[in-house]
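Given next are the chains, with one letter for each unit.
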Number of protein chains: 2
Amino acid sequence: MEAATLKDIARELNISVSTVSRALRDSYEINPETKRLVMECATRLNYRPNPIALSLKGSSSKALAVVVPQIANYYFSQAINGIEEVAQQRGYDVIIFQTHETYEREVAALRQALARRVDGLLISLSSETSTVAHLQEFQQHAPIVQFDRVSSQLATPRVVADNFAGAYAATEHLIKTGRRRIAHLTIQPWLSITQERLAGYRAALEQNCLAYDETLVRFGTFGPNEVGPLVDELLALQPPPDAFFTASDRLAVGCLAALRQRRLRIPADVSLIGFTNLTVADMLAPALSTVEQPATDIGREAVARLLDIIERKHRAAPPATVTMPTALHVRESTSLMDLTP
Amino acid sequence: MEAATLKDIARELNISVSTVSRALRDSYEINPETKRLVMECATRLNYRPNPIALSLKGSSSKALAVVVPQIANYYFSQAINGIEEVAQQRGYDVIIFQTHETYEREVAALRQALARRVDGLLISLSSETSTVAHLQEFQQHAPIVQFDRVSSQLATPRVVADNFAGAYAATEHLIKTGRRRIAHLTIQPWLSITQERLAGYRAALEQNCLAYDETLVRFGTFGPNEVGPLVDELLALQPPPDAFFTASDRLAVGCLAALRQRRLRIPADVSLIGFTNLTVADMLAPALSTVEQPATDIGREAVARLLDIIERKHRAAPPATVTMPTALHVRESTSLMDLTP
DNA sequence: TTGTAAGCGTTATCAG
DNA sequence: CTGATAACGCTTACAA
């Protein structure tokens, strides 16, 4: 049973293809009786409009491109989850591209998305990306919404977690519980999210009359075995830190492990709060306090913005930034992870 | 700068569209000089064939559909990771669909994939799916490869983790370390993966002269707060279990938490091994012993099979099952998760 | 060796 | 109200 086309319906009813087309889109200029007949026949033949023909025709491809550094990452997979959910609901398919954190693959992904004539693009920048010419080029063809890792050089709507507030809340919580030397382990310094979190951390310190000490802040892409030495370095400071605030899942896990190996107790000796999202936090629960990133909501919100632009044909979308709230989950009181004999 | 078409090149060079088309695909019947000219012009105008027009023409859409229950799940996001990697490498785009574990959405996804004229389908069945008519229907249009959650009712290649061997190894390890009453917490009984794991568990027991006791085996979709009571139930048995073997991340985490709440120590009081994958294991490391599922490799392998079928036009692919090895990671010796004061 | 024309499924324009 | 016809970008007989 091949897919039915307008032509099949037309042949069946001995009318023209254009009439069928119009009847199906409920054009006002079609005889109600004809409409009924066409509708009935369409249902009977299980007719589905061919989206490829529609795209060729030029109107819209009903497909969205999503470009992320990595799918196998809780944050991004949750974001894609939200994106796919809303997109499907509104009749759009989602085509996925990974950049693996390289500029080169980001460019390739955009080229591919362009070739596919997607109606819009959702992107979280690779950590290598520092120029946006490739995105500006893309923008001449279809609207873009940035999420999570965004660039202010690019005039598009942006949907991000409230990194500043999250970092502020975490830092302030640490201060309120008596911490004075709070280390901050974070990712690449040129990323928007890094800067915002750092700003929140710094603001909280300063609002609470604590000096910002740059020796307590470390940037990088730390591999699994690089966090330990780093924590050592920090603990060797005089005075040593009494708390850690980390900017990613991996950093939080590495830090947990390093602290444990050094026989430091949480929160007796040091406190630890990680910037992550609820699913990860639940897996580690409840040893780790977290600033929850609403990844799924960010995905949902981002795609909703994009679809609004696409459907209302607001090609010139306001480059507004939507900030999704983060939530501080403090879980230092008990540790279900105490599983040793 | 709109995307260049064959027509643009033809106009530029004052030749016909068909000549350009042939030159670009290096047809033997074209003057080498013309070819050179066309090639040069194509490069200059940055010509990319329009995949949409190609699909309409009927040959191939260079797109693959991936249908999974949930993207926001480590297993599936890693599998998609591998799929996207290989697909992109071989020039195919990946369109993602989630079923959210419902049959209805699975059917909708297939319909959508069909409408998109994808060249092939990679699917991991929803837990609600018990009939395969919708897949057989799809098969008449494009080849399918199943992975992870597969149905033997459907004649397609299958790529799965070696669930039997993994479960066998886990169970045997528990026995060798002195356990005699090994509980098995697992998912929906009708899923292929459930059955294979159960079979491995059972075989290991029987090979080691232990009776299979069905009161120690529990099936279900346990919510976060349902695992606790279940563990209680099991522990109330006479004699109680001295080990747990769980079939998913969530079950493992729930079980960890429940055991802890009951002040049971791992592995002093009970042992615990979960069926999961390395990334999750690393996050929980090293409180949890695991049977690692090679999710990324399964994705890579599955898509490679599919592309081979597509490109060699082996529409009648042998419904062979590829079994990817699992690995037992024992990590009971130390617990970095002991973070309490 | 190159050009012409038909066709893929749909919509839009323009006649009837 | 309905029907031809052209167009979207490309491939492929068939003609020249």
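Before reading on, note that the structure itself is shown above.
The model shown is predicted, which means the values in this text are computed figures rather than measured ones.

Conventions used here
- Residues numbered from 1 in each chain as written.
- Chains lettered and ligands numbered in written order.
- Predicted model: local features only at pLDDT ≥ 70, side-chain atom pairs only at ≥ 80, totals over all residues.
- Heavy atoms only, no water.
- Helix = DSSP H or I, 4+ residues; strand = E, 2+ residues; numbered from the N terminus.
- Rg over C-alpha atoms; globule rule 2.2 N^0.38 Å.
- Buried < 20%, exposed > 50% of the residue type's maximum accessible area, 1.4 Å probe, protein only.
- Contact = heavy atoms within 4.5 Å.
- Areas by Shrake-Rupley, 256 points an atom, 1.4 Å probe, with all protein chains shown as cover.
- Lys, Arg positive; Asp, Glu negative; His and termini not counted.
- Charge placed at Lys NZ, Arg CZ, Asp CG, Glu CD.
- Pairing = 2+ DSSP bridges.
- Axes fitted to C-alpha atoms, helices over the stretch in contact; angles between N-to-C directions.
- Near = heavy atom within 4 Å.
- Salt bridge = Lys/Arg side-chain N within 4 Å of Asp/Glu carboxyl O.
- Expected span 1.5 Å × (residues − 1).
- Polar contact = N/O pair within 3.5 Å; in protein donor to acceptor, adjacent residues only side chain to side chain.
- Nonpolar A, V, L, I, M, F, W, Y, C, P; charged D, E, K, R; others polar.

Peer 1: Hey, could you run me through the overall build of chain A in this one?
Peer 2: Each helix and strand in chain A was counted, giving 13 helices and 12 strands. In terms of overall dimensions, chain A is more spread out than a globule: its C-alpha atoms have a radius of gyration of 26 Å, far above the 20 Å expected for 341 residues. Dimensions of chain A, computed from the C-alpha atoms along their principal axes, are close to 90 × 45 × 35 Å. Expressed as a percentage of the 341 residues in chain A, the buried residues total 55%. Taking the intrachain contacts of chain A between residues at least 6 apart in sequence as the baseline, contacts between residues at least 24 apart amount to 69%. Accessible area for chain A stands at about 14200 Å²; split by element, carbon and sulfur atoms hold 52% of it. Here chain A contributes 35 positive and 37 negative side-chain charges, whose respective centroids are spaced 4 Å apart.

Peer 1: Looking at this model, I keep getting lost on the sheet that holds strand β9 (residues 271–276) of chain A. Mind explaining?
Peer 2: What links the strands of a sheet is backbone hydrogen bonding, and the strands pair in either a parallel or an antiparallel sense. All names here are of chain A. Strands sit in the order β7-β6-β8-β9-β10-β12 across an open sheet of 6 strands; the sheet is mixed. If you trace the sheet from one side to the other, it starts and ends with β7 (217–219) and β12 (327–329), each paired once. Averaged over neighbouring strand pairs, the angle between their axes works out to 15 degrees when direction is ignored. The sheet contact formed by strand β8 (residues 243–246) and β9 spans 4 bridges and is parallel. In the strand pairing of β9, F244 is matched with L272. Against the sheet, helix α9 (residues 192–207) contacts β6 (182–186), β7, β8 and β9, and its axis sits at roughly 175 degrees relative to β6. Contacting β6, β8 and β9, helix α11 (residues 249–261) runs over the sheet at an angle of about 160 degrees to β9.

Peer 1: Looking at this structure, how should I read the protein's contact with DNA strand C?
Peer 2: Around DNA strand C sit 26 residues in total, of which Y47(A), S18(B), T19(B), T34(B) and K57(B) are the nearest. When the atoms of DNA strand C within 4 Å of the protein are grouped by moiety, sugar and phosphate amount to 61% of the total. Taken together, the elements giving at least two residues each to the surface near DNA strand C come down to α1 (6–13), α2 (17–24) and α4 (51–57) of chain A together with α2 (17–24) and α4 (51–57) of chain B. For the surface near DNA strand C, the element with the highest residue contribution is α2(A), accounting for 4 residues.

Peer 1: What should I look at first to understand the sheet that holds strand β2 (residues 93–98) of chain A in this one?
Peer 2: If you trace the 12 strands from one edge of the open sheet to the other, you get β11(A)-β5(A)-β4(A)-β3(A)-β1(A)-β2(A)-β2(B)-β1(B)-β3(B)-β4(B)-β5(B)-β11(B), paired in mixed fashion. Of all strands in the sheet, those with a lone pairing partner are β11 (321–324) of chain A together with β11 (321–324) of chain B, marking the two edges. Taken over all neighbouring pairs, the strand axes of this sheet differ in orientation by 20 degrees on average, direction set aside. Where strand β4 (residues 144–147) of chain B and strand β5 (residues 158–161) of chain B come together, 2 bridges link them in parallel fashion. Along β5(B), the bridge assignment pairs Q146(B) with R158(B).

Peer 1: Explain the pairing of strand β10 (residues 289–292) of chain A here, please?
Peer 2: Working note: regular strand, side chains alternate between the two faces of the sheet. Residues and elements named next belong to chain A. Burial along β10 is two-sided: the residues S289 and V291 and T290 and E292 are all buried. In the sheet, β10 pairs with β12 via 3 bridges, with the strands oriented antiparallel. Bridge pairing in β12 links T290 to H329.

Peer 1: Explanation requested: the pattern of salt bridges in the structure shown.
Peer 2: Between side chains of opposite charge, pairing is possible as soon as their charged atoms come close. Counted according to the given criterion, the structure contains 32 salt bridges over all chains. Connected through salt bridges with shared partners, the residues E12(A), E40(A) and R44(A) form a single ionic network.

Peer 1: Help me out: how do you make sense of helix α5 (residues 74–89) of chain A in this one?
Peer 2: An α-helical segment advances 3.6 residues per turn. Residues three or four places apart therefore align on the same side. Residues and elements named next belong to chain A. Taking 1.5 Å of rise per residue, 16 residues should cover 22 Å, and α5 covers 23 Å from first to last C-alpha, within 8% of that figure. Where α5 begins, the capping side chain belongs to N73, and its oxygen is found 2.8 Å from the backbone nitrogen of Y75. Directly beyond the C-terminal end of α5, a positive phi value near 85 degrees is found at G91.

Peer 1: Can you help me understand the protein's contact with DNA strand D in this one?
Peer 2: Taken together, 27 residues lie near DNA strand D, and T19(A), R22(A), T34(A), L6(B) and Y47(B) sit nearest. The contact atoms of DNA strand D, taken as those within 4 Å of the protein, divide so that sugar and phosphate hold 64%. Measuring from a phosphate oxygen of DNA strand D, one finds a backbone N or O atom of N31(A) at 2.9 Å. In this structure, a phosphate oxygen belonging to DNA strand D sits 2.7 Å away from a side-chain N or O atom of Y47(B). Elements that contribute at least two residues to the surface near DNA strand D include exactly α2, α3 (32–45) and α4 of chain A together with α1 (6–13), α2 and α4 of chain B. If you tally residues by element for the surface near DNA strand D, the top one is α2(B), at 4 residues. For the surface near DNA strand D, the class distribution of residues is 10 nonpolar, 9 polar and 8 charged.

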